[in-house]
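Working through the structure, step by step
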Amino acid sequence: MSKNHTSKIELQVELDENRIPEKLFWTAEDGGIAQEEAKAMLLSVWDSNAQETLRIDLWTKDMPVDEMKVFFHQTLVAMSDTFHRATQDEKMTATMKDFCDYFAEKLEIKKQ
């Protein structure tokens, strides 16, 4: 019997005296990432027992609003891609992509 591989992803959050994130770092050694700094992160975990999504949404206090808008747009696009891979639901994926286009247009951001 072969041993399964285990991969670890680590998150580190440096907080100020008011517990507001000042710095975010992440490590994913299997991906060649070590203590990489980030300005924002969104993490969703599905709790099958409770049938609900658990979330961690963090951003540093110096995250620029214009970058946050682009971050959200790119996240929505990635979520629509993931939804398609997971469900093969072409119709809803197209609807989600339409919303992503609308979102970018209304925020006047260039699609990335």
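Everything numeric in this text was worked out from a predicted model, so none of it was measured.

The pairing of strand β1 (residues 9–15) with strand β2 (residues 21–28) spans 7 bridges and is antiparallel. When the sheet's bridge partners are listed, Glu14 is paired in β2 with Lys23.

Attention now moves to the sheet that holds strand β3 (residues 33–38). Across the sheet, 3 strands lie side by side as β1-β2-β3; this open sheet has antiparallel pairing. In this open sheet, the two edge strands, each paired with only one partner strand, are β1 and β3. Within this sheet the neighbouring strands show an average axis-to-axis angle of 20°, counted without direction.

Here we take up the side chain of Asp16. Position of Asp16 relative to the elements: it lies in the loop between β1 and β2. Looking at Asp16, the relative accessible area reads 12%, which means it is buried. Of note is the side chain of Asp16, whose polar atom sits 2.8 Å from the backbone nitrogen of Asn18. From its side chain, Asp16 meets the backbone nitrogen of Ile20 in a polar contact 2.9 Å long. Once residues lying within four places of it in the same chain are set aside, the contact partners of Asp16 are Glu22 and Lys61.

Another point: the layout of surface pockets. In this structure, the largest pocket spans a volume of roughly 420 Å³. Looking at the largest pocket, the residues that line it are Leu42, Ser44, Arg55, Asp57, Phe71, Phe72, Thr75, Leu76, Ala78, Met79, Thr82 and Phe83. Secondary-structure elements contributing two or more residues to the lining of the largest pocket are β4 (40–47), β5 (52–59) and α1 (65–87). For the lining of the largest pocket, the element with the highest residue contribution is α1, accounting for 8 residues. Looking at the lining of the largest pocket, its residues break down into 7 nonpolar, 3 polar and 2 charged.

Pairing of β2 with β3, which is carried by 4 bridges, proceeds in the antiparallel orientation. Across the sheet, residue Ala28 finds its bridge partner in β3, namely Ile33. Between β2 and β3, which follow one another and run antiparallel, lie 4 residues, and Gly32 among them has a positive phi close to 75°.

A word on the pattern of salt bridges. One pass over the structure, following the stated rule, counts 7 salt bridges. Among the ionic pairs, Lys8 bridges to Glu10, the shortest N-O distance being 3.2 Å. Accessibility expressed as a relative area gives 37% for Glu10, which makes it partly exposed. Ionic pairing is found between Glu37 and Lys23, a salt bridge with its closest N-O pair at 3.7 Å. Of this pair, Glu37 sits in strand β3 while Lys23 sits in strand β2, placing them 14 residues apart in sequence. In the salt-bridge network here, residues are joined through shared partners; they are Asp16, Glu22 and Lys61.

Its location among the elements puts Thr53 in strand β5. Of the residues examined, Thr53 reaches a relative accessible area of 44% and is grouped as partly exposed. Thr53 sits 15 residues away from Met68 along the chain, and the two C-alpha atoms are 22 Å apart. Those residues in contact with Thr53, other than ones at most four positions away along the chain, are Ser44, Val45 and Trp46.

Here is what the cut-offs are and how they apply
- In this numbering scheme, every chain counts its residues from 1 along its sequence in written order.
- The predicted origin of the model limits local features to residues at a pLDDT of at least 70 and limits the giving and counting of side-chain atom pairs to 80 or more, whereas totals for whole chains, interfaces and linings rest on all residues.
- Here the side-chain values reflect all heavy atoms present in the structure, with hydrogen atoms and water set aside.
- Two strands pair if DSSP finds at least two bridges between them.
- Under the DSSP-based scheme used, a helix requires at least four consecutive residues in state H or I and a strand at least two consecutive residues in state E, with every element numbered from the N terminus.
- Lines fitted to the C-alpha atoms define the axes, with helices restricted to the stretch that makes contact. Angles between their N-to-C directions range from 0 to 180 degrees.
- We call a residue buried when its accessible area falls under 20% of the maximum for its residue type, exposed when it is over 50%, and partly exposed in between, using a 1.4 Å probe and counting protein chains only.
- Identification of polar contacts relies on pairs of N or O atoms within 3.5 Å, with a donor-acceptor requirement for protein atoms, meaning one able to donate a hydrogen and the other able to accept it, and with residues adjacent in sequence counted only if both atoms are side-chain atoms.
- The contact criterion used is simple: two residues touch if any of their non-hydrogen atoms lie within 4.5 Å.
- Think of a 1 Å grid over the protein atoms and nothing else: a 1.4 Å probe that fits but is trapped marks a cavity, an open set flanked by protein within 12 Å on at least five of seven lines marks a pocket, and residues with an atom within 4 Å of a point count as lining.
- Grid points are joined across faces, edges and corners, and a volume is the space filled by probe spheres set on the points.
- All amino acids are sorted into three groups, where Ala, Val, Leu, Ile, Met, Phe, Trp, Tyr, Cys and Pro are nonpolar, Asp, Glu, Lys and Arg are charged, and the leftover types, Gly among them, are polar.
- The term salt bridge refers to a pairing of a side-chain nitrogen on Lys or Arg with a carboxyl oxygen on Asp or Glu at a separation within 4 Å.

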